[in-house]
Amino acid sequence: MSESVVRARDASTVMLVRDGARGIEVFLQQRVSGMAFAAGVTVFPGGGVDPADGTADIAWTGPEPAWWAQRFGTDEQSAQALVAAAVRETFEECGVLLAGPTVDTVVCDSTVYREARGRLERREISLAGFLAAEGLVLRADLLRPWSNWITPEAEPRRYDTRFFVAVLPEGQIADGATSEAAHVRWQTPVEALESWRAGEHVLMPPTWSQLDALCEFADTAAVLAAQRPIAPIMPRYSPGADGRPLSDFPDNERYFDQLPDVDALRGR
């Protein structure tokens, strides 16, 4: 790696889905405009990995770190930290807790841990410490691996992001009580893509790609049953005569064909 290229930091992102009257719905956040990365864009809950989670003693049920390491092409320590980040960030950013008091139960009312949620977000406590203090077990079996996107090398802030998918646990409510989100909403993938094409919000290629893939599934059971091959995807900057700045990601031509002309929309 060139000395001028910033090393990509491990990160986890979770597509939280549920079955609705119009089909699968996914939880989306519009990031606040002052964020250092992806300000103002529409994203799924997620964030950077805490490396300490990779060696922490975490009560855990479901696929072991070795399984996640194989699926995401990394080592076991990093895999444990990635899964832990997926659970922690989902709880911090929308209040949904993928954990339970036993290996076969899940929290039905996560609001009782509101104080701990704030302390986690402020990094006053670790995920392992929180789970231990509350007698909770991390439910890795509620997550599924989905994809792996890496920020282009030219960017000053880079992430090696593993995407997960999880179904909203019964009884829990996803909210917008986080300092990182200006607005939150549930939409079907089709609706989210239609409103993007209308210029109502901004989707970066990784988020667009995941929403596009979710359109293929009839319900959340089919999503969880999907066996997706996962290979790292890193777009690169290669401006050409057509002015399209990014390439080397699936369906990049279709993304740019559908990308709204924001300037034209403002002039309507």
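All of these numbers come straight from a predicted model, not from anything done at the bench.

Engineer: I keep staring at the overall build of the protein chain and nothing clicks. Help me out?
Structural biologist: Assigned secondary structure in the protein chain consists of 9 helices and 12 strands. Expressed as a percentage of the 268 residues in the protein chain, the buried residues total 49%. Taking the intrachain contacts of the protein chain between residues at least 6 apart in sequence as the baseline, contacts between residues at least 24 apart amount to 69%. For the protein chain, the accessible area works out to roughly 12,700 Å², and carbon and sulfur atoms hold 50% of it.

Engineer: How do you make sense of the nonpolar core when you look at a structure like this?
Structural biologist: With 42 residues, the main nonpolar core has Leu16, Trp68, Phe130, Leu138, Leu143 and Phe164 as its most contacted residues. Elements that contribute at least two residues to this core include exactly strand E1 (9-20), helix H1 (65-72), helix H2 (76-94), helix H3 (114-121), helix H4 (127-134) and strand E9 (159-167). It is H2 that contributes the most residues to this core, 10 residues altogether. If we ignore the near neighbours within four places in the chain, the residues touching Phe130 are Phe91, Leu97, Tyr113, Ala116, Leu120, Ile125 and Leu136.

Engineer: I tried to follow the pairing of E9 on my own but got confused; where do I start?
Structural biologist: For a regular strand, side chains alternate in direction, first toward one face of the sheet and then toward the other. By the criterion of burial, E9 is predominantly enclosed, with 8 of the 9 residues buried. Two strands pair when backbone bridges link them, and E1 and E9 are joined in this way by 9 bridges, in the parallel orientation. Residue pairing in the sheet places Ala11 in a bridge with Thr161 of E9. Pairing between strand E8 (residues 143-150) and E9: 7 bridges, direction antiparallel. The residue of E9 that forms the bridge with Trp149 is Thr161.

Engineer: Looking at this structure, I do not really get the pattern of salt bridges. What am I missing?
Structural biologist: A side chain of one charge can pair with a side chain of the opposite charge if their charged atoms are brought near each other. Counting across every chain of the model gives 17 salt bridges. Here Glu89 makes a salt bridge to Arg88, at a shortest N to O gap of 3.6 Å. Accessibility expressed as a relative area gives 3% for Arg88, which makes it buried. Between Glu89 and Arg123 there is a salt bridge, with the nearest N and O atoms lying 3.2 Å from each other. One end of the pair, Glu89, is in helix H2; the other, Arg123, is in the loop between H3 and H4, with 34 residues separating them in the sequence. Since its relative accessible area comes to 44%, Arg123 is described here as partly exposed.

Engineer: So what exactly am I meant to see when it comes to the packing of H2 against H3 here?
Structural biologist: If you want to describe how two helices pack, look at the angle between their axes and the distance between the axes. For the pair H2 and H3, the least separation of the axes is 9 Å and the interaxial angle reads 115°. With respect to H3, the element H2 is oriented roughly perpendicular. Classified by chirality, the crossing of H3 by H2 is left-handed. Listed contacts from H3 to Arg88, Phe91, Glu92, Glu93 and Cys94 of H2 are Arg117, Leu120 and Glu121.

Engineer: How should H2 be read in this particular structure?
Structural biologist: Along an α-helix, residues three or four apart share an orientation, since each turn contains 3.6 residues. The end-to-end C-alpha distance of H2 is 27 Å, a good match for the 27 Å that 19 residues give at a rise of 1.5 Å each. With 17 of 19 residues buried, H2 lies mostly within the body of the structure. Capping of H2 at its N-terminal end is provided by Asp75; its side-chain oxygen lies 3.2 Å from the backbone amide nitrogen of Gln77.

Engineer: Please clarify how the environment of Pro189 should be interpreted in this entry.
Structural biologist: Tracing the backbone through its elements, the reader meets Pro189 in helix H5 (residues 189-197). Of the residues examined, Pro189 reaches a relative accessible area of 4% and is grouped as buried. The sequence separation of Pro189 and Val26 amounts to 163 residues, and the corresponding C-alpha distance is 6.7 Å. Other than its neighbours up to four places away in sequence, Pro189 contacts Ile24, Leu211, Leu214 and Cys215.

Engineer: Would you explain the packing of aromatic side chains in this entry?
Structural biologist: Each aromatic ring pair is characterised by the separation of its centres together with the angle its planes make. Under the counting rule described, the total for this entry stands at 16 aromatic pairs. Here Tyr255 and Phe256 contribute two aromatic rings whose centre-to-centre distance is 5.1 Å and whose plane-to-plane angle is 80°, an arrangement assigned as edge-to-face. The class of Phe256 is buried, set by a relative accessible area of 13%. Members of the aromatic cluster, each reached through a chain of ring pairs, are Trp149, Trp196, Trp208, Phe249, Tyr255 and Phe256. Over the face of the ring belonging to Trp186 we find Arg18, whose NZ or CZ atom lies 4.1 Å from the ring centre. Its end group placed over the ring of Trp146, Arg228 keeps NZ or CZ at 4.1 Å from the ring centre.

So, how was this worked out
Residues numbered from 1 in each chain as written. Predicted model: local features only at pLDDT ≥ 70, side-chain atom pairs only at ≥ 80, totals over all residues. Heavy atoms only, no water. Helix = DSSP H or I, 4+ residues; strand = E, 2+ residues; numbered from the N terminus. Buried < 20%, exposed > 50% of the residue type's maximum accessible area, 1.4 Å probe, protein only. Contact = heavy atoms within 4.5 Å. Areas by Shrake-Rupley, 256 points an atom, 1.4 Å probe, with all protein chains shown as cover. Core = buried A, V, L, I, M, F, W, Y, C linked by side-chain atoms within 4.5 Å. Pairing = 2+ DSSP bridges. Salt bridge = Lys/Arg side-chain N within 4 Å of Asp/Glu carboxyl O. Axes fitted to C-alpha atoms, helices over the stretch in contact; angles between N-to-C directions. Parallel < 35°, antiparallel > 145°, perpendicular 65-115°, else oblique. Left-handed = near helix turned anticlockwise from the far one by under 90°. Expected span 1.5 Å × (residues − 1). Polar contact = N/O pair within 3.5 Å; in protein donor to acceptor, adjacent residues only side chain to side chain. Phe/Tyr/Trp six-rings, centres within 6.5 Å; stacked < 30°, edge-to-face > 60°. Lys NZ or Arg CZ within 6 Å of the ring centre and 35° of its normal.

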